[in-house]
Amino acid sequence: MTQPAELSPYHHFSKAEWVALRADEPMTLSADDVMRLRALSDPISLQEAEQVYLPLARLLSLYVEAIQGLHRVSQRFLNTGAPKVPFIIGVAGSVAVGKSTTARILRALLQRWPSSPKVDLVTTDGFLHPNATLIERGLMRRKGFPESFDRARLVAFLAAVKSGTPALEVPIYSHLVYDVVPGEHLIVDQPDILIVEGLNILQPGAPGKAGTPILYASDFIDFSIYIDADPEDLEAWYLERFFRLRETAFRNPDSFFKRYADMSKDEAGKFGLDNWRSINLPNLMDNIAPTRTRADLILKKGSDHLVADVLLRMV
């Protein structure tokens with residue numbers, strides 16, 4: 001473990017140093033599991049999952065144990081029989097950085113702990129305002145920016161999870177139709193662990209009335225992860241994913257992006273690049289990247305899409 005020369009609130013680990021922290025944690029995923037869980041353009045392998053996410057799963061097991069112990073002490077002091085409080089993990093970062101792969105692999109690893117905890121996974125895409133609302137407010141070209149989300153609803157959901165409320169409904173977002181699906185919900189029912197993945201989990205909530213505090217989604221998160229990469233690499237990964245989708249999902253007749261599958265390669269490339277540089281890159285620089293230092297753990301990826309460095313916040 002090395003320390004950066006400048007003052008930092010993080011322990012800085014090279015990949016080799018981080019791998020050593022796995023200790024004797026057993027690997028419970030197979031190569032087929034990793035292939036099934038990874039996103040379309042994410043080249044993660046079983047070796048990468050073992051080197052990066054297995055030590056992280058061990059760390060999280062220690063955090064969960066510590067938080068549960070704290071709750072037991074609190075209940076003993078208050079002489080209450082309050083229900084157990086779910087442990088919430090947040091996964092943040094740019095579009096195309098690999099948030100969904102990280103969240104799914106972590107969920108699979110945590111589910112296979114000896115205690116077999118109930119682990120749910122929610123993406124904040126479900127808390128986007130419906131397209132009709134975005135069109136009405138002139139925000140379709142700002143989809144993914146803070147104002148395109150129902151931030152109050154997201155914070156209220158996390159607060160309800162933390163209070164032990166059963167059978168919570170989470171809206172479902174379809175990337176095929178590029179919209180929230182009316183009347184469809186995911187049920188989150190008192191999990192042991194909840195993973196929340198999205199662009200905005202470390203951003204502030206919507207401003208309240210004068211004098212009222214602004215709540216952050218991260219106020220309810222026990223451990224937050226930010227996946228970091230250089231903007232130039234993110235642009236390349238975004239375009240790679242865009243072209244793969246153009247050959248697959250975009251060709252579905254129900255796809256919102258069907259018209260882009262019929263464009264020439266040059267036209268599609270110009271459209272994808274414009275989307276990145278006029279929407280996703282400004283959102284990254286103005287709203288997502290500034291939240292990086294709020295995270296408990298930062299996974300920094302190199303140009304090969306593999307994690308090169310790990311930063312863990314000092315306790």
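Preceding this paragraph is the structure being described.
Residues numbered from 1 in each chain as written. Predicted model: local features only at pLDDT ≥ 70, side-chain atom pairs only at ≥ 80, totals over all residues. Heavy atoms only, no water.

Enquirer: Even after reading the chapter, I still don't get helix α7 (residues 231–247), so can you show me in this structure?
Expert: Note: α-helices contain 3.6 residues per turn, so residues at a spacing of three or four share the same orientation. Between its first and last C-alpha, α7 extends 25 Å over 17 residues, near the 24 Å set by a 1.5 Å rise per residue. By the burial criterion, the buried members of α7 are D233, L234, E235, W237, Y238, L239, F242 and R246. Packed against the buried residues of α7 are α8 (258–261), α9 (265–288) and β8 (297–301). (Helix = DSSP H or I, 4+ residues; strand = E, 2+ residues; numbered from the N terminus. Expected span 1.5 Å × (residues − 1). Buried < 20%, exposed > 50% of the residue type's maximum accessible area, 1.4 Å probe, protein only. Contact = heavy atoms within 4.5 Å.)

Enquirer: I'm lost on the packing of aromatic side chains in this one. Help?
Expert: The description of an aromatic ring pair rests on the distance of the ring centres and on the angle between the ring planes. The tally for this structure, following the rule as stated, stands at 13 aromatic pairs. Here the aromatic rings of Y63 and F223 are separated by 4.9 Å at their centres, their planes lie at 75 degrees, and the arrangement is edge-to-face. With Y63 in helix α3 (residues 46–78) and F223 in strand β7 (residues 223–228), the pair connects residues that are 160 residues apart, well separated along the chain. Exposure remark for F223: the relative accessible area of 0% places this residue in the buried category. Arranged with centres 5.6 Å apart and planes meeting at 40 degrees, the rings of F127 and F157 form a pair that is tilted. Here the residue F127 occupies a position in the loop between β3 (119–123) and α5 (131–136), and F157 occupies one in helix α6 (residues 151–162), the gap between them amounting to 30 residues. The pair F127 / F157 is uniform in exposure class, with both members buried. Three or more aromatic residues joined by ring pairs make a cluster, and in this case those are Y178, F242, F243, F250, F256, F257, Y260 and F271. For the cation-ring pair, R259 lies above F256, with the distance from its terminal atom to the ring centre recorded as 5.3 Å. For K265, the ring lying beneath its charged end belongs to F243, and the centroid distance is 6.0 Å. (Phe/Tyr/Trp six-rings, centres within 6.5 Å; stacked < 30°, edge-to-face > 60°. Lys NZ or Arg CZ within 6 Å of the ring centre and 35° of its normal.)

Enquirer: Can you walk me through the sheet that holds β8 in this structure?
Expert: Backbone-to-backbone hydrogen bonds pair the strands of a sheet. The strands run either parallel or antiparallel. Read from one edge of the open sheet, seven strands run β1-β9-β8-β7-β2-β6-β3, paired in mixed fashion. In this open sheet, the two edge strands, each paired with only one partner strand, are β1 (10–14) and β3. The average angle at which neighbouring strand axes cross in this sheet is 20 degrees, direction not considered. Here strand β2 (residues 87–93) pairs with β7 via five bridges, running parallel. Its bridge partner being in β7, G93 is matched across the sheet by I227. (Pairing = 2+ DSSP bridges. Axes fitted to C-alpha atoms, helices over the stretch in contact; angles between N-to-C directions.)

Enquirer: Please clarify how the packing of α7 against α9 should be interpreted in this entry.
Expert: The description of two packed helices rests on the angle between their axes and on the distance between the axes. The geometry of α7 relative to α9 is characterised by a closest axis approach of 10 Å and an angle of 135 degrees between their N-to-C directions. Viewed along their axes, α7 and α9 adopt a mutual orientation that is oblique. Note on packing geometry: the crossing formed by α7 with α9 is right-handed. Of the residues in the contact of α7 with α9, the class split is 13 nonpolar, four polar and four charged. (Parallel < 35°, antiparallel > 145°, perpendicular 65-115°, else oblique. Left-handed = near helix turned anticlockwise from the far one by under 90°. Nonpolar A, V, L, I, M, F, W, Y, C, P; charged D, E, K, R; others polar.)

Enquirer: What exactly am I supposed to notice about the pattern of salt bridges here?
Expert: Any two side chains of opposite charge can pair if their charged atoms end up close together. If you walk through the whole model with that rule in mind, you get 15 salt bridges. One salt bridge in this structure joins E48 and K15, with 2.4 Å as the shortest N-O distance. Here E48 is found in helix α3, whereas its partner K15 is found in helix α1 (residues 15–19), with 33 residues between them in sequence. Looking at E48, the relative accessible area reads 4%, which means it is buried. Of the charged contacts in the structure, one is a salt bridge between K258 and D262, with a shortest N-O distance of 3.2 Å. Note on D262: relative accessible area 55%, which makes it exposed. (Salt bridge = Lys/Arg side-chain N within 4 Å of Asp/Glu carboxyl O.)

Enquirer: Help me understand α6, please; the structure alone is not making it clear to me.
Expert: Taking 1.5 Å of rise per residue, twelve residues should cover 16 Å, and α6 covers 17 Å from first to last C-alpha, within 8% of that figure. Within α6, burial applies to R151, L154, V155, F157, L158, A160, V161 and K162. Next to the buried residues of α6 lie β2, β3, β4 (168–174), β5 (179–188) and β6 (193–197). Of the residues flanking the end of α6, it is G164, one or two places downstream, whose phi is positive at about 85 degrees.

Enquirer: Whenever I open this one, the nonpolar core confuses me. Can you help?
Expert: When a protein is soluble and globular, its nonpolar side chains tend to lie buried together. Counting residues in hydrophobic clusters, the biggest one holds 73 residues, and the most contacted among them are L56, F157 and I225. Among all residues touching F157, those that are not within four sequence positions of it are V122, F127, L168, V170, V188 and L194. Among the nonpolar cores identified, the runner-up in size contains seven residues, and F250, F257, A268 and F271 belong to it. (Core = buried A, V, L, I, M, F, W, Y, C linked by side-chain atoms within 4.5 Å.)

Geometric descriptors of this kind do not, in isolation, establish any biological role.
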